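Each chain, letter by letter, is given below.
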Amino acid sequence: MSQFVILYFAALIVASCLAAYYKKQGPFMTLFSLTLISFVLGIVGGAGTLRLVATFAAVLAFAAGVSYAFREFLVVIAPTKLGKELKTAPLTASFGMFVIFTYGIAAIFAPWIAPHGESEVIASAFAPADENMLLGADQLGRDMFSRIIYGARNSVGLALSATIAAFAIGAIAGLLAATKGGWFDQFMGRFADVIMSIPSLIFALLMLSIFGPHVYVIIIAVAIIYAPRVFRLTRAVAGNVVVMDYIEAAKLRGEGTGYLIRREILPNSTAPLIAEFGLEFCFVFLLVAGLSFLGLGIQPPTADWGSMVRENATLISFGDYTPLIPAGAIALLTVAVNFVVDWMLFRSSGLKEQ
Amino acid sequence: MGDIVNLVLKRLGFGLITLLVISVIIFFMVELLPGDIAQAVLGQGATEENVAALREQMGLNNPAFVRYFEWLGGAVVGDFGTSIVSGERVSTIITERFINTLFLAAYAAVIAVPFAITLGVVVALLRNTLFDRVANVLTLTSISSPEFFLGYILILFFAVKWQMFPAISSLSDGMSFAELLDRTFLPALTLVLVVTAHMMRMTRAAIINLLASPYIEMARLKGAPPWKVIVKHALPNAWAPIINVIALNLAYLITGVVLVEVVFVYPGIGQALVDAVSKRDFPIVQACCLIFAATFILLNLAADVGAILTNPRLRHPK
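Calculation rules
- Residues numbered from 1 in each chain as written.
- Chains lettered and ligands numbered in written order.
- Predicted model: local features only at pLDDT ≥ 70, side-chain atom pairs only at ≥ 80, totals over all residues.
- Heavy atoms only, no water.
- Helix = DSSP H or I, 4+ residues; strand = E, 2+ residues; numbered from the N terminus.
- Buried < 20%, exposed > 50% of the residue type's maximum accessible area, 1.4 Å probe, protein only.
- Contact = heavy atoms within 4.5 Å.
- Areas by Shrake-Rupley, 256 points an atom, 1.4 Å probe, with all protein chains shown as cover.
- Lys, Arg positive; Asp, Glu negative; His and termini not counted.
- Charge placed at Lys NZ, Arg CZ, Asp CG, Glu CD.
- Expected span 1.5 Å × (residues − 1).
- Buried area = accessible area lost by both parts, 1.4 Å probe.
- Salt bridge = Lys/Arg side-chain N within 4 Å of Asp/Glu carboxyl O.
- Polar contact = N/O pair within 3.5 Å; in protein donor to acceptor, adjacent residues only side chain to side chain.
- Domains from an automatic or database assignment.
- Bend = angle between axes of the 7 residues up to and from the residue.
- Core = buried A, V, L, I, M, F, W, Y, C linked by side-chain atoms within 4.5 Å.
- Axes fitted to C-alpha atoms, helices over the stretch in contact; angles between N-to-C directions.
- Parallel < 35°, antiparallel > 145°, perpendicular 65-115°, else oblique.
- Nonpolar A, V, L, I, M, F, W, Y, C, P; charged D, E, K, R; others polar.
- pLDDT = per-residue confidence, 0-100.
- Patch = residues over 30% accessible without salt bridge, like charges linked within 9 Å, V, L, I, M, F, W, Y side chains within 5 Å.
- Phe/Tyr/Trp six-rings, centres within 6.5 Å; stacked < 30°, edge-to-face > 60°.
- Lys NZ or Arg CZ within 6 Å of the ring centre and 35° of its normal.

Trainee: Where do I start with the overall build of chain A in this structure?
Mentor: Each helix and strand in chain A was counted, giving 14 helices and zero strands. When the elements of chain A are put in sequence order from the N terminus, they spell out α-α-α-α-α-α-α-α-α-α-α-α-α-α. Viewed in the frame of its principal axes, chain A has a C-alpha envelope of about 80 × 60 × 35 Å. For chain A, buried positions account for 46% of its 354 residues. Of the contacts formed within chain A by residues at least 6 apart in sequence, a portion of 65% connects residues at least 24 apart. Accessible surface, chain A: about 17,700 Å² in total, of which carbon and sulfur atoms supply 71%. Distance between charge centroids for chain A: 10 Å, based on 22 positive and 21 negative side chains.

Trainee: Help me understand the environment of A:Leu201, please; the structure alone is not making it clear to me.
Mentor: Residue position: A:Leu201 is located in helix α8 (residues 200-211). Taking the relative accessible area as the measure of exposure, A:Leu201 reaches 9% and is therefore buried. Distance in space between the C-alpha atoms of A:Leu201 and A:Val222 is 9.5 Å, their sequence separation being 21 residues. Among all residues touching A:Leu201, those that are not within four sequence positions of it are A:Leu287, A:Leu291, B:Thr255, B:Val258 and B:Leu259.

Trainee: Mind showing me how you'd approach helix α7 (residues 182-196) of chain A here?
Mentor: Because an α-helix completes one turn every 3.6 residues, residues spaced three or four positions apart along the sequence face the same direction. The end-to-end C-alpha distance of α7(A) is 21 Å, a good match for the 21 Å that 15 residues give at a rise of 1.5 Å each. Within α7(A) the residues assigned to the buried category are A:Asp185, A:Met188, A:Gly189, A:Ala192, A:Val194 and A:Ile195.

Trainee: Would you explain the interface of chain B and chain A in this entry?
Mentor: Often, the extent of an interface is quoted as the loss of accessible area upon association of its parts. On the chain A side, the residues contacting the 45 residues of chain B number 43 residues. Across the chain B/chain A interface, buried area totals approximately 3,700 Å², and carbon plus sulfur atoms make up 81% of it. When the area that chain B buries against chain A is broken down by residue, the three leading residues are B:Met29, B:Phe148 and B:Tyr152, summing to 16%. On the surface where chain B and chain A come into contact, there are zero salt bridges. Summed over the shared surface of chain B and chain A, the number is three residue pairs in polar contact (both at pLDDT 80 or more). Taken together, the elements giving at least two residues each to the side of chain B that touches chain A come down to α1 (2-31), α6 (130-144), α7 (147-161), α9 (185-211), α11 (226-263), α12 (269-279) and α13 (282-310) of chain B. At eight residues, the largest contribution of residues to the side of chain B that touches chain A is made by α7(B).

Trainee: It is not clear to me how unusual backbone geometry should be interpreted in this structure. Could you clarify?
Mentor: Residue and element names in this part refer to chain B. Phi at Gln 163 is positive, roughly 55 degrees, even though this residue is not glycine. Here Gln 163 shows up in the loop between α7 and α8 (177-183). Relative accessible area serves as the criterion here: at 63%, Gln 163 is assigned to the exposed category.

Trainee: Help me understand the domain arrangement of chain A in this model?
Mentor: As far as domains go, chain A holds domain 1 (3-65) and domain 2 (144-348). Computed from C-alpha atoms alone, the centre-to-centre distance between domain 1 of chain A and domain 2 of chain A is 41 Å.

Trainee: Explanation requested: helix α6 (residues 144-180) of chain A in the structure shown.
Mentor: Residue and element names in this part refer to chain A. Here α6 spans 52 Å end to end across 37 residues, near enough to the 54 Å set by a 1.5 Å rise per residue. The largest bend in α6 is about 35 degrees, located at Gly 151. Downstream of α6 by a residue or two, Gly 181 has a phi angle that is positive, lying close to 65 degrees.

Trainee: Is there a simple way to think about the nonpolar core in this case?
Mentor: Counting 147 residues, the largest nonpolar core has A:Leu205, A:Phe293, A:Leu294, A:Trp305, B:Phe148, B:Tyr152 and B:Leu273 as the members making the most contacts within it. In terms of residue count, α11(B) provides more of this core than any other element does, 14 residues in total. Not counting residues up to four positions away in its chain, the partners in contact with A:Trp305 are A:Tyr103, A:Ile148, A:Gly151, A:Ala152, A:Ser155, A:Val156, A:Phe285, A:Pro326, A:Ala329 and A:Ile330.

Trainee: Help me understand the packing of α11(B) against α13(B), please; the structure alone is not making it clear to me.
Mentor: Describing two packed helices takes the angle between their axes plus the distance from one axis to the other. All names here are of chain B. Viewed as axis vectors pointing N to C, α11 and α13 meet at an angle of 175 degrees, and their least axial separation amounts to 8 Å. Considered as vectors, α11 and α13 are oriented roughly antiparallel to each other. Two secondary-structure elements touch here, α11 through Trp 239, Ala 240, Ile 243, Asn 244, Ala 247, Leu 248, Leu 250, Ala 251, Ile 254, Thr 255 and Val 258 and α13 through Phe 292, Thr 295, Phe 296, Leu 299, Asn 300, Ala 303, Gly 306, Ala 307 and Thr 310. Here the residues of the contact of α11 with α13 are counted per class, giving 14 nonpolar, six polar and no charged.

Trainee: How should I be thinking about the pattern of salt bridges in this particular structure?
Mentor: When the charged atoms of two side chains with opposite charge come close together, those side chains can pair. Residue and element names in this part refer to chain A. Per the stated rule, a full pass over the model turns up 11 salt bridges over all chains. Of the charged contacts, one joins Arg 142 and Asp 138 as a salt bridge, the two residues approaching to 3.1 Å between their closest N and O atoms. Accessibility assignment for this pair places Arg 142 and Asp 138 in one class, buried. Exposure remark for Asp 138: the relative accessible area of 1% places this residue in the buried category. When salt bridges with common partners are traced through the structure, they connect Asp 138, Arg 142 and Arg 147 into a single cluster.

Trainee: I would appreciate a short explanation of the confidence of the model for chain B in the present structure.
Mentor: A low pLDDT score tells you not to read the predicted coordinates there in detail. Considering every residue of chain B, the mean pLDDT works out to 83; 95% of them sit at 70 or more. When the elements of chain B are averaged for pLDDT, helix α2 (residues 37-42) of chain B gives the smallest value, 70, and helix α10 (residues 214-221) of chain B the largest, 89.

Trainee: Looking at this structure, I do not really get a nonpolar patch on the surface. What am I missing?
Mentor: Residue and element names in this part refer to chain A. Taken together, the side chains of Phe 101, Ile 105, Ile 108, Phe 109, Trp 112 and Ile 113 make up a nonpolar region of the molecular surface, amounting to roughly 640 Å² of accessible area. Breaking the nonpolar patch down by element, the ones donating at least two residues are α4 (91-108) and α5 (110-113). No other element matches α4, which puts three residues into the nonpolar patch. Within the secondary structure, Ile 108 is located in helix α4. Take Ile 108: its relative accessible area is 54%, and that puts it in the exposed class.

Trainee: I would appreciate a short explanation of the packing of aromatic side chains in the present structure.
Mentor: On inspection of all chains with the given rule, the structure shows 28 aromatic pairs over all chains. Both rings, one in A:Tyr21 and one in A:Tyr22, keep their centres 5.3 Å apart while their planes meet at 85 degrees; by these two values the pair is edge-to-face. The exposed category is assigned to A:Tyr21, whose relative accessible area is 63%. The interplanar angle of 45 degrees and the centroid separation of 5.6 Å between the aromatic rings of B:Phe157 and B:Trp162 together place this pair among those described as tilted. Among the aromatic residues, those joined into a ring-pair cluster are B:Phe27, B:Phe28, B:Tyr68, B:Phe69 and B:Trp71. Lying over the aromatic face of A:Phe293, A:Arg310 brings its terminal NZ or CZ to 5.5 Å of the ring centre.

Written as C-alpha cells, this is what we have:
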C-alpha cells in the first residue's frame, strides 16, 4: 500500500461522507460509485491502474469545475434575460462554450501566444521537447506547439468560412423556395436530392482533383456539398412559417418577397437555423480535416491540424503521442460545438423527455 | 402484393435516374478542366505535337457527349478505360481493391450492427440514467472525432504499446482467413467505433420515439408485462426505423473507409482514389467516384425498400 493509495481512498470516503451528510444525493452517488470502481480496479490492476482512474476522475472534476465557474462568469456579465437562461445550461454546454472561447482566443491572438513563427525552422527534425519547445519539433524542425496555436487560426478559419458560404447559399435558396414555391421549389428540391446522394468526401475529392487543392476551391466545394442540407432544413422550417396568417396578411398588404423573408420569415425561424449552423460547422470541420489529412487541404508551410497529423504520424510508431494532439484538438472543438448545439436544440424545442 | 412490386420498381427507377445524373456530373466536371485532360497530364511544358498525339490517343477529339456515352457504355460492363499515369486497365487496378474494401466494410458491419442495435435498445430502455448519460457523452465524442484520430489512437495502444495487432494491414495472397482477420482488425475496429456511435444514437431515438406513442401506453395500461410490451408491441413497429438506421450507416461505412484505409495503408479502393486524386489520374477518379456513389445510392434504396416492406402504412402514400 503506497501513500498515494491510502490518501486517494481517504479523500474519496471523506468526500462521499460529506456529500451524504449534506444530503446531496447526486454527488454522493457519483463519489461513492467512483470509490467502489477504484476499489475493484485497484485490486485487479494494482496501483498503476488506480493512478489512471484517479487522473481520469481528476481531469473530469477539473473540467466540471472550470465549466461551472465559466457559467457563473457568463451569468454575471450577460444581460439579465440571457443570464437567466444561461443559468439553466447544463455543465456540458458551458464546457462547450468555454472550449469555443479558448479556441477563439488562440485563433485571434496566435502571433502573440505562439513563441515561434508557424513556418520558422528552429531545431533538427523531430527534436524532443526542451525548455524552448513545449512539445518538441515536427518533421522539418518547426515548433509543434506554435504550429498547433496557428492551426487554430487556419483550420478553424477555413472551416468557418466554408460553413458560412454553404449556409448563405443554402439558407437563401431555402427561403426563396419556401416563399416562391412552384417550379423553382421543385427544381431546387430535386437538385438538392442529387447532390446529397453523392457521398460528401467523394464529391470533395472529385472537385479537388479537377481544380487543384486551393483554399478557395475547398470553400466552394464544401459550399456546394453542404448547401443542399441547409436548403432542406430552411425550406422545412420556413415552410411551416409561410402558411401562417400573418404572412398572408403581409402578402395582402402588398409586401415583396424580400420584405417577407427579412422581416417576417427569418425572425421566426432563427433558433433552429442557429442550431443547424453549429451542426453544419461540425460536419464541415471534420470534412476539411479529413481533406487536409489526405494532403488536399491548406497547403504547406501553413500550419493546419489535419496535415500535421499525417506529417508526424511516424512518431506514433515510436509510442509518442504528440502527433495526436492536433487530431485531439479537432475532436475537442467538435464535441464542444455539439454540446452547445444540444443545449440550444433542447431549449428551442422545449422538448422534455420523461 | 402487386402494389409492393410496383413501389419497389418505382424506387429502383428513381435510383437509376439519380445515378445517371451523377454520372453526368462526374463526367462533365472533368470537362471543366482549364485546357483539357491531355494538357493537364503533360503539364505546361509539353510541346504542341505531344499534346495533339495524346489527344488523338485518348479520343479527345470527339465531341464531349459522344465520349460520355462511350464512357458510360464501358462503365456498365465494368470497363473504365485506361489509367493516364500507369497505362494499365482501370478495371484491373480497381477490382481487387474493391473486393478488399467490401471485405473491410463487411467485417466492421458484422461486429457493429448487432452490438450497436442491442446497446441502442438498452440505452433507450435505461434513458436518463447515469448509464445513458455516459453512453451519450461517449458516442458524441466518438462521432466528433475524425476517423484518423481514432485510428491512430488504436495504433498507438494496440499496435505500439501492447503489440497485439499489426499497425499496417498489408495483405498478401494465400493468407489464412484467421490471419486476414488479425491483420485487418484495427481498421475494422476504427470503423466499428464510428459507426456504432451513429447507429446507437439513431436506434435510441427511434425506440424512444416509439415508446411515446399511444398504443404503447395502452399496452402498459392494460397490464402487459414490460418484456411483452417491448417484444410484441414495440419491436414489430421498430423494424422499419432500425432497418433504415442500418442501411444509412452501411452507406456511411462505405465512405468512411477512405480515411481509415489511408491511416492503415490498407489496399482498398479508397486508397486508390486518394492516390489517383493527387496524381490527377482522372479515369481512376471517375471510376472510383461512380462506384462509391452507386454503392451509396444502392444502400439508401435498400433502406427505402426495407422500410416499405416492414411498414404497411408506407405502401399507401397519401
